[in-house]
Amino acid sequence: MRSHLTSLLLLTLALSPCSTAELVLNEIRIDQNSSDTDEYVEIFSTEPPESLDGVTLIVIGDGSGTGPGTIEAVVPLDGIDADPLALVADSEEPVFPNFPNAVPDLETNLNFENGDNVTFLLVKDFSGANGDDLDADDDGQLEVQPWAEILDGVGLRTTRDPGGIEYSEFLELESNGPDGDFVPAHSFRPADGQAGWEIGNFNIADAIDTPGSLNNPVAELSLSFDLDTIAESEGGTITATVSHDGDIDQPLEVTIENSDPTELALPTMVTVPGDGSG
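Note that this is a predicted model, so its numbers are computed, not measured.

Chemist: Even after reading the chapter, I still don't get the overall build of the chain, so can you show me in this structure?
Modeler: Check the secondary structure of the chain and you find one helix and 20 strands. When the 278 residues of the chain are sorted by exposure, 40% land in the buried category. Taking contacts inside the chain between residues at least 6 apart in sequence as the whole, the part at least 24 apart equals 63%. Total accessible area on the chain stands at roughly 14000 Å², and carbon and sulfur atoms take up 46% of it.

Next comes the structure, spelled out in structure tokens:
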């Protein structure tokens, strides 16, 4: 009897855990040198494709005459999917003059505030309106929360005075910044959909943005054997090689799950050296 070895194995990559949310904010640009023609928000789904029906992007800042806690932007996301990305761009023409390969799923008026603290939220079943003051007494707590659920969010911080209030701590969300004294112009998750934010570049000529593309594409793993089959009655050993199609600078741990260890003995984990090779 001969067993096909590849049918016995499942490979999973040991990565940091993803956010518990299925939809997360993944990359944001709110400012740049000269005119703000490249504003956008990128959304990532951990379980693509995922409909954004009933999901709204809102931005909380400090509205004129109402103070901190005021909704400054409301963007309904109905009708588009995150597969795994959904890209929302400012509709001002020309769209994405500095990122010509980016293809928005939605073009709309964004006009994000970029001088004060702001809080970006992805919410479900939003029932409020642009201009609503959710923190009437300006104490850093949102007395009004006109949504059924917060799917994800991030606070973008500045140390400028007055910078207003940023609500990520109150809402138990992540934050990013400041960039020197300023709110970050470009914010992104270095690993798509996973915890942690980094600051990009303000100057568009030095931009490292990837709107509509993965920030850190995952290398494809492959498993090869020096034999296609082996006779069970013969026993013995064969050589299996785990490889990937990208470059890594640090060791990569790969967990091996064996669906039938009585048929074939395998290590539970192997490490691909982080030598920068493909």
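Read on, since the account is not over.
Chemist: Even after reading the chapter, I still don't get the pattern of salt bridges, so can you show me in this structure?
Modeler: Pairs may arise between side chains of opposite charge once their charged atoms sit close together. The final tally for this structure, using the stated rule, is four salt bridges. In this structure, the salt-bridge partner of Arg-29 is Asp-209, at a minimum N-O distance of 2.7 Å. Of the two residues, Arg-29 sits in strand β3 (residues 23-29) while Asp-209 sits in the loop between β15 (198-199) and β16 (221-225), which places them 180 residues apart along the sequence. A relative accessible area of 0% places Arg-29 in the buried class. The salt bridge involving Arg-189 is made with Asp-152; its shortest N-O contact spans 3.0 Å. Taken as a pair, Arg-189 in the loop between β14 (186-188) and β15 and Asp-152 in strand β12 (residues 149-156) lie far apart in primary sequence, 37 residues in all. Taking the relative accessible area as the measure of exposure, Asp-152 reaches 8% and is therefore buried. Several salt bridges share partner residues, and in doing so they unite Asp-152, Glu-174 and Arg-189 into one network.

Chemist: Before we go on, may I ask you to explain the sheet that holds strand β7 (residues 67-76) in this structure?
Modeler: Sheet strands pair via backbone hydrogen bonds, and the direction of the pair is either parallel or antiparallel. Strand order in the open sheet formed by five strands is β7-β6-β11-β12-β13, and the pairing between neighbours is mixed. Only two strands of the sheet have a single neighbouring strand rather than two, namely β7 and β13 (174-176). Direction aside, neighbouring strands of the sheet carry axes that sit 25° apart on average.

Chemist: Teacher, can you tell me more about the side chain of Asp-116 here?
Modeler: Its place among the elements puts Asp-116 in the loop between β10 (106-108) and β11 (118-124). Overall, the relative accessible area of 15% leaves Asp-116 in the buried class. With near-sequence residues (within four places) excluded, Asp-116 lies in contact with Asp-62, Leu-156, Thr-158, Pro-162, Gly-163 and Val-183.

Chemist: What's the story with the environment of His-186 in this structure? I'm lost.
Modeler: Turning to its location among the elements, His-186 is positioned in strand β14. Since its relative accessible area comes to 0%, His-186 is described here as buried. Separated by 159 residues in the primary sequence, His-186 and Glu-27 have C-alpha atoms spaced 7.6 Å apart. Filtering out sequence-adjacent residues up to four positions away, His-186 remains in contact with Glu-27, Ile-28, Arg-29, Tyr-40, Glu-198, Ile-199, Gly-200, Asn-201, Ile-208 and Asp-209. Side chain to side chain, His-186 and Asp-209 meet in a polar contact 3.5 Å long.

Chemist: Explain a negative patch on the surface to me, please; I cannot follow it from the model alone.
Modeler: A contiguous patch of negative charge on the surface is contributed by Asp-53, Asp-78, Asp-81, Asp-83 and Asp-105. Structurally, Asp-81 is set in strand β8 (residues 81-82). Its relative accessible area of 41% is what places Asp-81 among the partly exposed residues.

Chemist: Looking at this model, I keep getting lost on the sheet that holds β14. Mind explaining?
Modeler: Sheet architecture is open: six strands sit in the order β10-β9-β4-β3-β14-β15, paired in mixed fashion. A strand with exactly one partner marks an edge of an open sheet, and here the two such strands are β10 and β15. As paired strands, β3 and β14 are joined by three bridges and run antiparallel to one another. By the bridge assignment, Ile-28 is partnered in β14 with Ser-187.

Chemist: What am I meant to see in the packing of aromatic side chains here?
Modeler: Aromatic ring pairs are reported here in terms of the distance separating the ring centres and the angle at which the planes meet. This structure, assessed with the given rule, holds four aromatic pairs. Pairing Tyr-40 with Phe-99 gives two aromatic rings, centres 6.5 Å apart and planes at 80°, and the pair type is edge-to-face. Remark: Phe-99 occurs in the loop between β9 (85-90) and β10 and Tyr-40 occurs in strand β4 (residues 40-45); sequence separation between them is 59 residues. According to the relative accessible area criterion, Tyr-40 is buried, its value standing at 0%. Given the relative accessible area of 11%, Phe-99 is considered buried. When the centroid spacing of 5.0 Å and the interplanar angle of 75° are considered together, the rings of Phe-112 and Phe-120 count as edge-to-face. No difference in accessibility class separates Phe-112 from Phe-120, as the two residues are buried. Ring pairs connect the aromatic residues Tyr-40, Phe-96 and Phe-99, which therefore count as one cluster.

Procedures and definitions
Residues numbered from 1 in each chain as written. Predicted model: local features only at pLDDT ≥ 70, side-chain atom pairs only at ≥ 80, totals over all residues. Heavy atoms only, no water. Helix = DSSP H or I, 4+ residues; strand = E, 2+ residues; numbered from the N terminus. Buried < 20%, exposed > 50% of the residue type's maximum accessible area, 1.4 Å probe, protein only. Contact = heavy atoms within 4.5 Å. Areas by Shrake-Rupley, 256 points an atom, 1.4 Å probe, with all protein chains shown as cover. Salt bridge = Lys/Arg side-chain N within 4 Å of Asp/Glu carboxyl O. Pairing = 2+ DSSP bridges. Axes fitted to C-alpha atoms, helices over the stretch in contact; angles between N-to-C directions. Polar contact = N/O pair within 3.5 Å; in protein donor to acceptor, adjacent residues only side chain to side chain. Patch = residues over 30% accessible without salt bridge, like charges linked within 9 Å, V, L, I, M, F, W, Y side chains within 5 Å. Lys, Arg positive; Asp, Glu negative; His and termini not counted. Charge placed at Lys NZ, Arg CZ, Asp CG, Glu CD. Phe/Tyr/Trp six-rings, centres within 6.5 Å; stacked < 30°, edge-to-face > 60°.

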